[in-house]
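Tertiary structure, described
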Amino acid sequence: QVQLVESGGGLVQAGGSLRLSCTASGLIYDINVMGWYRQAPGKQREWVATITSGGSTNYADSVKGRFTISRDNARNTVYLQMNSVKPEDTAVYYCNADVRAYGTVGRYYWGQGTQVTVSS
């Protein structure tokens, strides 16, 4: 009954910017932590950033100073502003959220992923 859908991925040149969005839908009454992960071909999925319901953020060292995570609680949406992108940022980006919804136990849900490709 819960679905997370990412958008905003695409092709961007090194040094450019991109903003990803992820919106949760369903019979939702609370969302705690929301975050972003990414996975490049042949590599493990890695954590990128998280944000609490109160707005506290944490970032992987690889993206600190370049990416900004934010959220709009009224819209059940989390964003990832990607600035000064590098070729090594190329990956499928997935959003993740601890969602509490009617008819299900609270658990982490994943979006389908959105491709980000940074050209050099």
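Just so it is clear, the structure is predicted and the values come from calculations on it, not from any experiment. Sequence order as written defines the numbering, with residues in each chain counted from 1. Two thresholds apply to this predicted model, a pLDDT of at least 70 for residue-level local features and 80 or more for giving and counting side-chain atom pairs, whereas whole-chain, interface and lining totals are computed over all residues. Values shown for side chains rest on all heavy atoms present in the structure; no hydrogens or waters enter the calculation.

1. With respect to the overall build of the protein
Runs of E in the DSSP output that reach at least two residues are strands. Runs of H or I that reach at least four are helices, and both are numbered from the N terminus. The secondary structure content of the protein amounts to 0 helices and 11 strands. In the protein, the order of α-helices and β-strands from amino to carboxyl end is β-β-β-β-β-β-β-β-β-β-β. In this treatment the radius of gyration is a C-alpha quantity, and the globule benchmark scales as 2.2 Å times the residue count to the 0.38 power. Scaling as 2.2 N^0.38, a compact globule of 120 residues should have a C-alpha radius of gyration of about 14 Å, and the protein matches this with 14 Å. For the C-alpha atoms alone, the extent of the protein along its principal axes is close to 45 × 25 × 20 Å. Whether a residue is buried, partly exposed or exposed follows from its accessible area with a 1.4 Å probe, protein chains only, as a fraction of its type maximum: under 20%, in between, or over 50%, in that order. Evaluated residue by residue, the protein yields a buried proportion of 42% over its 120 residues. In the protein, 55% of the contacts between residues at least 6 apart in sequence involve partners at least 24 apart. Carbon and sulfur atoms make up 46% of the accessible area of the protein, which totals about 6300 Å². Neither His nor the chain termini are counted; the positive set is Lys and Arg, and the negative set is Asp and Glu. Note that the charge is assigned to NZ on lysines, CZ on arginines, CG on aspartates and CD on glutamates. Here the protein carries 11 positive and 8 negative side-chain charges, and the mean point of each set is 1 Å from the other. The contact rule is simple, with two residues in contact once any of their heavy atoms fall within 4.5 Å. Methods summary: accessible areas were calculated by the Shrake-Rupley approach with a probe of 1.4 Å, and residue burial reflects only the protein chains presented.

2. Some remarks on the nonpolar core
Membership of the largest hydrophobic core comes to 33 residues, with the highest contact counts inside it found for Leu 4, Trp 36, Leu 80, Tyr 93 and Val 99. Secondary-structure elements contributing two or more residues to this core are strand 3 (18-25), strand 4 (28-39), strand 5 (46-51), strand 7 (67-72), strand 8 (77-82), strand 9 (91-101) and strand 11 (114-119). Element by element, the count of residues in this core is highest for strand 9, at 6 residues. When residues no more than four places from it in sequence are discounted, the contact partners of Tyr 93 are Glu 6, Leu 20, Trp 36, Tyr 37, Arg 38, Val 48, Phe 67, Leu 80, Met 82, Gly 113, Thr 114 and Val 116. Residues belong to a common nonpolar core when they are buried Ala, Val, Leu, Ile, Met, Phe, Trp, Tyr or Cys residues joined through side-chain atoms within 4.5 Å.

3. Details of the environment of Leu 18
The residue Leu 18 is located in strand 3 in this model. Residue Leu 18 is classed as buried on the basis of its relative accessible area of 15%. Sequence-wise, Leu 18 and Thr 77 are 59 residues apart; in three dimensions their C-alpha atoms are separated by 16 Å. Once residues within four sequence positions are removed from consideration, Leu 18 is found in contact with Gly 8, Gly 9, Gly 10, Val 12, Leu 80, Gln 81, Met 82 and Val 116.

4. Remarks on the packing of aromatic side chains
In this analysis, rings of Phe, Tyr and Trp, with Trp reduced to its six-membered ring, are considered paired at centre separations within 6.5 Å, and the interplanar angle assigns stacked below 30 degrees, edge-to-face beyond 60, and tilted for intermediate values. Per the stated rule, a full pass over the model turns up 2 aromatic pairs. Any Lys NZ or Arg CZ found within 6 Å of a ring centre and within 35 degrees of that ring's normal is scored as a charge over the ring. Of note, Arg 45 hangs over the ring of Tyr 94, and the distance from its end group to the ring centre comes to 3.8 Å. Over the aromatic face of Trp 110 sits the side chain of Arg 45, whose NZ or CZ is 4.7 Å from the ring centroid.

5. Examining the pairing of strand 7
On a regular strand, each side chain points to the face opposite its neighbour's, so the side chains alternate between the two faces of the sheet. Sheet topology note: the strand 7/strand 8 ladder contains 6 bridges and is antiparallel. The residue of strand 8 that forms the bridge with Asp 72 is Thr 77. The pairing criterion is simple: DSSP has to find at least two bridges between the two strands. Between strand 7 and strand 8, which follow one another and run antiparallel, lie 4 residues, and Asn 76 among them has a positive phi close to 50°.

6. Let's talk about a nonpolar patch on the surface
Residues with no salt bridge and a relative accessible area higher than 30% make up the patches, which join like charges within 9 Å and nonpolar side chains (Val, Leu, Ile, Met, Phe, Trp, Tyr) within 5 Å. Throughout this description, the term salt bridge denotes a Lys or Arg side-chain nitrogen within 4 Å of a carboxyl oxygen of Asp or Glu. There is a patch of nonpolar side chains on the surface, built from Leu 27, Tyr 29 and Tyr 102 and spanning about 380 Å² of accessible area. Take Leu 27: it is sitting in the loop between strand 3 and strand 4. Using a relative accessible area of 53% as the deciding quantity, one classes Leu 27 as exposed.

Worth remembering: the numbers are spatial, not functional.
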